[in-house]
Every structure is written in C-alpha cells, then in structure tokens.
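Structural overview
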Amino acid sequence: LALEQQSPPPLRDRDAESIGDGRSGGDVVADGGRAELVNMSFGGHRFQCLLPTDVGTQKARLADIARYVAAARAAALRGRCFSGTVAETGQPWEACMQDYVSLGGASARYEMTADKPRRGGGFEQLYVGITGDQKPLHVHVLCTCFLPGSLLEEPLCRAGDPVQAPRGTDELPSAAVVGKELPDGKLSIRWEGVHRNESVQIMVREMVHTADGRPCGEPLVASAEVGQLPVASLVPVMSSTQLNVTLSSATCCSMRTLRAQTPSGPNYPNPDFLRLLTPIAGRCFRVASGWWTYELCWPWRIRQLHYGVDGSIEGPGVDLGRFDASVGLTKRRATSQRRDGERHELVTTLKGDPCYKTVHTWLVMLVGGTVHDGAGPGVGGSFNPVGRTRVEGLLARDEDNIDGCNSYAADKRMDGKIALVKRGNCWFHTKALRAQEAGAAGIIVYNDQRHLVEVMEGVEELALPAIPTVLVERDWGNRLQEAIGSLVVVQKSSPDGLDVNKPFSTTVVLHCASDWQERGQVCQSGDQVEVKLVAKEPGEPEAKWPRASVRFVRAVVSQVFPQNATMAVNYASMSQGDDEEELPEIVPLNATYRDGLPCDSERGAYIDRILEPHACQTELTVHVDALCAHEELMPLRPRAAQDITCIADAATQRA
C-alpha cells in the first residue's frame, strides 16, 4: 500500500452522494465528524479515499467510556451468583451478575447499555423484566466499597505436600504425599515406590503430620471476605416493582481508599494491588504442560505438580516460588507488544525450592574417572523422584533381559545396584519400575541409533518409581557395558555450570488482559481444545505399549453445558487408530483443555503464559479480572472500527 497525503479538496456533490449512498462501500461521517481526503494506491491503481478522524458525538463517546469503566469494575464479579430474601416481603431472589436477577416467579435480564460507574469507585447495573402480574420489574444492582483485612494464611497439608503418615495401625509414620483433599475433611495419602494398588489410603487429618512434624489441623474454610466472592453485605429493598440490591467488594473501592494504610493490622507496600486481589484469595489456578501441571495459589505459592489418571497428585510437588507480602507487587509498563491497549502490569520475583528439583541433566561417573575420561552426561525422566540427586552402586546387567522390559528373575536381582539396560521395546517408565521391583538403586538406559531426547516422558497410568532413571548416549553406553561390576555414581548436574542448590526463581506478571471482555468462559464455542481420553481396556498398562491408555485428541467446542459440567465437541482430525473406535461427542469439562487450561477452571483469573523451567528460573503471566478495576491497570478502551471509503480515479475505473 502506497499512501500519499495532500490537502483535501472540497468534495463535489455527486462524490458526496456516491460516498453517502453506499455505492463505494461506506458512509459519510455524521454527527459533526471531520474527514481527511487522501490519495492511495493499491497495486498500481489510484483511489481517492475518505479517512474519518472523528467519529460520533462527544456525548456518545463519553457514554461508551463510562460503560467500559463500569464493566471493568464489575469484571471480577461477572458470572457470580448469590441469593437472598427481600426483608419486607420474604420473597426469595437470586442474582447472577451480568446475566439475570430472579424475584419470586419473575425474572429480569441484564441491560448492558445501562451500566454506570459510580463516582469514587463501584458501579451500577440495571436488570429489566416483567412481574407475574405483568408490571415492569426493574432491579438496580449497586456495588460499594469493602476494604479487606489481612492476607489469608495457607492451611497445612494441601494436595501435593510431603507429609508423615502411618501405613498401618501398628506402624510408625513414614514419608508420603497428600494425593487429594477430600470434601469430608479427610486426606488421600500416597506413598512413593509402592505398587499402585497398595499406595493410597484415606486418613483423617489428625493421623497425618507435615514433613516437619506439625499436625495437619483443619482444612481451609473460605469466609465471605476471602472466598470466591468477597461480599460484605447484600441489602435488598423492595419498592413496588423495583428491587435494589447492594453488594460490596474491594473492586468497588476508590484508589485512595485502596492505597490507605490501616492504623491497626499489617501495612503492606502497594496495598491497593494486594487488596484488589482479594477475590482470588484462597483459590488456585492451573495450566497443564506435558507431564507437569503448574499451579498458582494466591497469596501463597506457585508449584509444579503431576496429576495421575484419577485426578490425584502423585509425588511431592515442587515449590517454584512463595509470595512474600512484605515485598509486595511492583507496577511497571506492560512489556509485551502483543498486548495492544495494556498500559501497566504488576510484577514480583519469588524464591522457591532448591533448583535441583527441576533439573533433568545428570552426570554418570565411573569411580576414579574425571569429566573427560570417566564420566558422561545423561538426561533424566519426568517421572524421576524430584528429591533424589545422587545414587551409587555396582553396575549390573541381565543378559537375558537386555532392554529391562521384563521382570527380573529371582537369581538376577539388582539389590543396591545400578541396572544398565538398552533403549527400546517398552517405555522408559516401565524399565524404571522393573528395575525397582528387582531392588535396584537406579537405572541407566543407553541409547540406540535414535536421537537423544531432552527428557524421558512418563506414562500417566504407571506408578511413580522411587529410583532415578538416566539416559546416556550410545557411545558412553558402549563404554559402560565394558565396565560391568565397577562402582558407578549417578548425580544431577548443570551443563551450564549453575549452582543447582540455589533457590529456584520465578517471575510472576499479573495484569488485566486487553481481551478481558471477549471471554465469558474458560472454554467456549469455537475454541480449539484437547480432550483427554482414557481407554478402559483390560490388562496391565505395560502390556499396551506403545499405545498408552491416556491420550489427547484435538477437537473444536460446539456447545458448553455448565449445568452438568460437560461440552459437545467436534474432533478436528483423526490420528492413526482413532477411526477404529467411536470418540465421545459429549465430554466432561475436567477432561478438556484449552492451551493447557482446564475447561472446568474457576473464573476470575487464569495463567495465560508460562515459560518452561530452565536454568533455575521461569516466568508466569497471569490475567486477573479484579485488576481491570484499577485505573492504572485497566486496558485502554478498544477503538471502534472505522470505514475507509474510496473512489477510483478515472484511469482505474477504465481499467
């Protein structure tokens, strides 16, 4: 496109008529708008184009801005439902924000064009309907300020935390992990390195202690202040056919109120940001990426977890960072160019567990060797126990079980030894479990003619092994075969020379995404998703190699049914073997993912970007609805599309 700008000559009457009647694909700017006339060239053809520079009246623009601000202040409450009883009449009512309000047998629908921001913070919404006796029903929803108190403390023994629990009534407590927190206050406890059928027990919290000996105590009970919706009061007032509902939220406070330090209670740096995040306090948001799921729980920590097929956590989680309220959140200009309209974002850097828990690079050393002549690099498995950094033992090999895919015979046990096996014929994960059953302290897999992988992926339906598995190059494997019976040391290392014992570092960016208005649900019609399918086939998982029971199939959402937590999907493409079975058209939300986000995620926030942990650091970008209410974090209002109306010159018309 070549563009030439010149002083606009006066439009002739017939040109104005041609532009205005739509024959050239546009309309003349009305309501006092100004226009600029320019010459433009498209592929060598010349046109004279009218570029509108001022659309609509000042009054209309101000009204659009006011509605946008009101909607931004209400973003954290969108879709939340709550109910009450009218004091004067006893009638029950229910309000679902930006959807409907019901009163007795009547219902009123949300009027988006009536949104108004309140001076000093908050908003007003209007819902319009008809009562049972055919009278107009007007429901006014008013949001006022509620200033939250101190930050919520994290409860003990959450899913993924290491704990101490007895495996039997007469046994002493041993190391385990909380697999799942159950609704009745009990805990599902899982032990590592135990056969899956024997690895889980349900226990009352009084029987379980933290890794450092503290009793697990009571589970978190979300209060009105820190729960899903921080409502301080719901005050309905009935007057003829008008219902007034007043609710309170931190997102409806003025900036001055949010920034004020309280005489009593803790004083935090930048308290306005922390207070605005109250609607997500005590809630966790997750995104799946391969073997791992990354979880952010505000205001506590960020963890790396692995979920099993049954939805419980297998193995202890890794803390990638813990929030520190005394450090607070720092405001900075939005750095990503793709976020058109965003002005500022919040950032903080967290410190977590030692870095070695996330490292997948290893060093295999023959005792007495050096890095040059007696050691070789290797890569670990995602299924490796995160806390194991070093094992040693005599190198052993079973000539009748070279690939390590079969169970070891009783006279070929590997007690305390390091098993050496060849790649192929079964999953890496299977090789680890077979060696563990034979008593091995660790296992080394040497490569065949294939390329070395960056990390050995696990198989979801298999139990987690308690011993580390390391894959080495073929040449180093050949050398190890000549050293059977020698003492070998296998330990984690960093190829970049980083100190793997230092704390892991996580940068967290919190913002209000520029497309915050466009998405009403985590997964909605038209979204491309991945459906997690679990084949219910008889037999042991190892016998199904190379096809795992758990797989992901791409699909497109056609309709969402939130009432029963399911959705209808159309499968985008079939992989080999999919045409042999009938794939379900209705799938549960908790088995469906959009860009790693579980479709059953709570609204209010989501992790929209994550960098895979590397070199002892990572970065998460998180959208939070509540931050849209902050005047410095609220994205600029999107500009309405404007038509460019063009008339071809005489030569172009002849062409």
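Here's a quick rundown of the structure.

Some remarks on the overall build of the chain
When its secondary structure is counted, the chain shows seven helices and 39 strands. Classification of the 655 residues of the chain by burial places 47% in the buried group. For the chain, contacts bridging at least 24 residues in sequence account for 64% of all contacts bridging at least 6. Counting every atom, the chain has about 32200 Å² of accessible surface; 49% of that belongs to carbon and sulfur.

A word on the nonpolar core
Ranked by size, the top nonpolar core spans 90 residues in total, and within it Trp298, Leu510, Met567, Tyr571, Val624 and Leu627 carry the most contacts. Ignoring any residue separated from it by four or fewer positions in sequence, one finds tryptophan 298 in contact with Leu274, Leu277, Ile280, Ala281, Gly282, Arg283, Phe323 and Leu329. Among the nonpolar cores identified, the runner-up in size contains 23 residues, and Ala95, Tyr110, Val139 and Cys252 belong to it.

A closer look at the pattern of salt bridges
Taken as a whole and judged by the stated rule, the model has 34 salt bridges. The closest approach of N and O atoms between aspartate 64 and arginine 67, which form a salt bridge, is 2.4 Å. Separated by three residues within a single helix, aspartate 64 and arginine 67 lie in helix H2 (residues 58-73), roughly one turn from each other. We classify aspartate 64 as partly exposed; its relative accessible area is 32%. Residue arginine 67 is classed as partly exposed on the basis of its relative accessible area, which comes to 26%. In this structure, arginine 594 engages aspartate 527 in a salt bridge whose closest nitrogen and oxygen atoms are separated by 3.9 Å.

Observations regarding the environment of glycine 90
Along the chain, glycine 90 falls in the loop between strand E4 (81-85) and strand E5 (92-96). Between the C-alpha atom of glycine 90 and that of glycine 104, which follows or precedes it by 14 residues, the distance is 9.4 Å.

Re helix H6 (residues 474-481)
Along H6, the residues that are buried comprise Trp476, Gly477 and Leu480. For H6, the angular spread of the buried residues around the axis is 105°, confining them to a single face. On its buried face, H6 is in contact with strand E23 (361-366), strand E24 (375-380), strand E25 (390-396), strand E26 (418-422), strand E27 (442-446) and strand E28 (469-472).

Here's the deal with the environment of leucine 51
Locating leucine 51 in the fold gives a position in strand E3 (residues 45-52). Here the alpha-carbon distance between leucine 51 and cysteine 646, two residues 595 residues apart in the chain, equals 8.8 Å.

Overview of the sheet that holds E27
Spatially, E23-E24-E28-E27-E26-E25-E29 is the arrangement adopted by the seven strands of the closed barrel, whose pairing is mixed. When strand polarity is set aside, the average angle formed by the axes of neighbouring strands in this sheet is 35°. Relative to E28, E27 runs parallel, the two sharing four bridges. Across the sheet, valine 445 pairs through a bridge with leucine 471, a residue of E28.

Concerning H2
Relative to the 22 Å expected for 16 residues at 1.5 Å per residue, H2 spans 23 Å between its end C-alpha atoms, a close match to the ideal helical length. Three or more residues of H2 are buried, namely Tyr68, Val69, Ala70, Ala71, Ala72 and Arg73. In this fold, the buried residues of H2 make contact with strand E7 (106-117) and strand E8 (123-130).

Some points on the side chain of serine 248
Position of serine 248 among the secondary structure elements: in strand E16 (residues 242-249). Since its relative accessible area comes to 6%, serine 248 is described here as buried.

Notes on the sheet that holds strand E33 (residues 566-571)
Strand pairs in the sheet, formed through backbone hydrogen bonds, run parallel or antiparallel to each other. If you trace the six strands from one edge of the open sheet to the other, you get E34-E33-E32-E31-E35-E36, paired in antiparallel fashion. Single-partner strands in this sheet number two, and they are strand E34 (586-588) and strand E36 (597-598). Here strand E35 (residues 592-594) runs beside E36; their pairing, made up of two bridges, is antiparallel. Looking across to E36, one finds that arginine 594 is bridged to leucine 597.

Quick word on the packing of aromatic side chains
Under the criterion given, the structure shown has five aromatic pairs. Relative to tyrosine 127, the ring of tyrosine 110 lies with its centre 5.5 Å away and its plane at 45°, an arrangement referred to as tilted. Of this pair, tyrosine 110 sits in strand E7 while tyrosine 127 sits in strand E8; the two residues are 17 residues apart in sequence, bridging distant segments of the chain. Classification of tyrosine 110 by relative accessible area gives buried; the value is 17%. Ring geometry for tryptophan 298 versus phenylalanine 323: centroids 4.8 Å apart, planes at 70°, classification edge-to-face. Placement of tryptophan 298 in strand E18 (residues 292-298) and of phenylalanine 323 in the loop between strand E20 (318-322) and strand E21 (330-333) is noted, with a sequence separation of 25 residues between them. The residues tryptophan 298 and phenylalanine 323 share a single accessibility class, namely buried.

Remarks on the pairing of E5
In this structure, E4 lies alongside E5, joined through five bridges in antiparallel fashion. The residue bridging glycine 84 from the neighbouring strand is tryptophan 93, located in E5. What sits between the antiparallel neighbours E4 and E5 is a turn of six residues, in which glycine 90 has the positive phi angle 80°. Across four bridges, E5 lies against strand E6 (residues 100-103) in antiparallel orientation. Bridge pairing in E6 links alanine 95 to valine 101. Hairpin connection of E5 to E6: three residues between the antiparallel strands, including glutamine 98 at a positive phi of 60°.

Section: the side chain of glutamate 460
Structurally, glutamate 460 can be placed in the loop between E27 and E28. Reaching out from glutamate 460, the side chain makes a polar contact with the side chain of lysine 532 at a distance of 3.0 Å.

Here is what the cut-offs are and how they apply
Residues numbered from 1 in each chain as written. Predicted model: local features only at pLDDT ≥ 70, side-chain atom pairs only at ≥ 80, totals over all residues. Heavy atoms only, no water. Helix = DSSP H or I, 4+ residues; strand = E, 2+ residues; numbered from the N terminus. Buried < 20%, exposed > 50% of the residue type's maximum accessible area, 1.4 Å probe, protein only. Contact = heavy atoms within 4.5 Å. Areas by Shrake-Rupley, 256 points an atom, 1.4 Å probe, with all protein chains shown as cover. Core = buried A, V, L, I, M, F, W, Y, C linked by side-chain atoms within 4.5 Å. Salt bridge = Lys/Arg side-chain N within 4 Å of Asp/Glu carboxyl O. Arc of directions from axis to C-beta. Pairing = 2+ DSSP bridges. Axes fitted to C-alpha atoms, helices over the stretch in contact; angles between N-to-C directions. Expected span 1.5 Å × (residues − 1). Phe/Tyr/Trp six-rings, centres within 6.5 Å; stacked < 30°, edge-to-face > 60°. Polar contact = N/O pair within 3.5 Å; in protein donor to acceptor, adjacent residues only side chain to side chain.

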